[in-house]
Amino acid sequence: QSYTDEIIKAYQADVKAAGEEGKEAVDLEYEIVTDNEKLFSLRFLQTVTMASSAQSVKIYHVDKSTGQLITLKDLFSEGADYKTPISENIKEQMRTQMKEDDTKSYWVDSDIPEWNFQEISDTASFYINKEGKLVILFDEYEAAPGYMGIVSFEIPTEIIASIVKDGYLQTP
């Protein structure tokens, strides 16, 4: 598919620009995570192995109506504060998961405040799942200890429904 080829070229350019070539071992997988009337999203899962390994995820999104690559902020109305409600919901989910399952650990309310998750970044990885909901992902070690791997949080649509642009999410 032409979107896949275009996104793979964008990914290769990003890897080259980041200087990540020449690692000991790099395994790369990709899959289509969204393909609906509005959006096509391709997810790359990269595992870099040297003495140990680290996984990271990068997702590229094409707005089918414009053919343009988009980022998280493009899903929302111009100037809307999308970071605060999403970030606060993620913190709530982290706290709930740790309370319900003592094997889970996130960097929130920790003894080392500078490690605590504060807010999603402008380059946060995301995709729209089959139910039409926004899912935010964090690389291994980004929001939790390494044993947690890549972690994801499904964001309830109702907390962002008033600021999301039409067509990206299934609104209640």
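Keep in mind it's a predicted model, so treat the numbers as computed, not measured.

A. Examining the nonpolar core more closely. By size, the foremost hydrophobic cluster in this structure holds 31 residues, and its most contacted members are Phe 76 and Leu 134. Sorting the residues of this core by element identifies helix H2 (83-100), strand E5 (125-128), strand E6 (134-138) and strand E7 (151-155) as the ones contributing at least two each. Setting aside chain neighbours within four positions, we find Leu 134 in contact with Leu 72, Leu 75, Phe 76, Ile 86, Phe 126, Tyr 127, Ile 128, Phe 153, Glu 154, Ile 155, Ile 160 and Leu 169. With 11 residues, the next largest nonpolar core counts Ile 7, Ile 8, Tyr 11 and Tyr 60 among its residues.

B. Structural detail: the packing of aromatic side chains. What the rule picks out here adds up to 8 aromatic pairs. Judged by centre distance (5.3 Å) and plane angle (80°), the ring pair of Phe 117 and Phe 138 falls under edge-to-face. Of this pair, Phe 117 sits in the loop between H2 and E5 while Phe 138 is found in strand E6, placing the two residues 21 residues apart along the sequence. Per residue, the accessibility class of Phe 117 equals that of Phe 138, and both read buried. Three or more aromatic residues joined by ring pairs make a cluster, and in this case those are Tyr 106, Phe 117, Phe 138 and Phe 153. Cation over ring: Lys 38 sits above Tyr 168, and NZ or CZ is 4.9 Å from the ring centre.

C. Fine view of the pattern of salt bridges. Evaluated as defined, the whole model comprises 6 salt bridges. Residue Asp 63 pairs with Lys 38 through a salt bridge whose shortest N-O separation is 3.4 Å. Of this pair, Asp 63 sits in strand E3 (residues 53-63) while Lys 38 sits in the loop between strand E1 (25-35) and strand E2 (39-49), placing them 25 residues apart in sequence. Lys 91 is the salt-bridge partner of Glu 88, the closest N and O atoms lying 3.2 Å from each other. Highlighted residues: Glu 88 and Lys 91, both in helix H2, separated by 3 residues, approximately one helical turn. Exposure remark for Lys 91: the relative accessible area of 10% places this residue in the buried category.

D. Geometry of the sheet that holds E6. Taking strand neighbours across the sheet as the criterion, the 3 strands line up as E5-E6-E7 in an open arrangement whose pairing is antiparallel. For this open sheet the edge positions go to E5 and E7, each flanked by a neighbour on one side alone. Going across the sheet, the axis of each strand differs from the next one's by a mean of 25°, ignoring polarity. Both E6 and E7 contribute to a ladder of 5 bridges, which runs antiparallel. Directly across from Ile 136, in E7, lies its bridge partner Phe 153.

E. Layout of the side chain of Asp 63. Classification of Asp 63 as buried rests on a relative accessible area of 5%. Other than its neighbours up to four places away in sequence, Asp 63 contacts Lys 38, Leu 39, Gln 68, Ile 70 and Tyr 168.

F. The environment of Pro 85, seen in detail. Inspection of the secondary structure assignment puts Pro 85 in helix H2. Along the sequence, Pro 85 and Ser 105 sit 20 residues apart, while their C-alpha atoms lie 22 Å from each other. Excluding residues that lie within four positions of it along the chain, Pro 85 makes contacts with Ile 159 and Ile 160.

About the thresholds
By convention here, each chain's residues receive numbers from 1 onward along its written sequence. Note on the predicted model: pLDDT of at least 70 is required for a residue's local features to be given, and 80 or more for side-chain atom pairs to be given and counted; whole-chain, interface and lining totals, by contrast, use all residues. Hydrogens and waters are ignored; side-chain quantities use all the structure's heavy atoms. To qualify as a nonpolar core, a set must consist of buried Ala, Val, Leu, Ile, Met, Phe, Trp, Tyr and Cys residues joined through side-chain atoms within 4.5 Å. Per-residue accessibility, obtained with a 1.4 Å probe over protein chains only, is compared with the maximum for each type, and a residue is labelled buried under 20%, exposed over 50%, and partly exposed between these values. By definition, any uninterrupted DSSP run of H or I lasting at least four residues is a helix, any uninterrupted run of E lasting at least two residues is a strand, and each is numbered from the N terminus. Contacts were defined at the residue level, with two residues in contact if any of their heavy atoms lie within 4.5 Å. Only Phe, Tyr and Trp rings are paired, with Trp represented by its six-membered ring, and only when their centres lie within 6.5 Å; those with planes under 30 degrees apart are stacked, over 60 edge-to-face, the remainder tilted. Sitting over a ring, as applied to charges here, requires NZ of Lys or CZ of Arg to be within 6 Å of the ring centre and within 35 degrees of the ring normal. Each reported salt bridge corresponds to a side-chain nitrogen of Lys or Arg within 4 Å of a carboxyl oxygen of Asp or Glu. Two strands pair under a simple rule: DSSP has to find at least two bridges between them. Every angle, taken between N-to-C directions, lies between 0 and 180 degrees, and every axis is a line fitted to C-alpha atoms, over only the stretch in contact when it is a helix.

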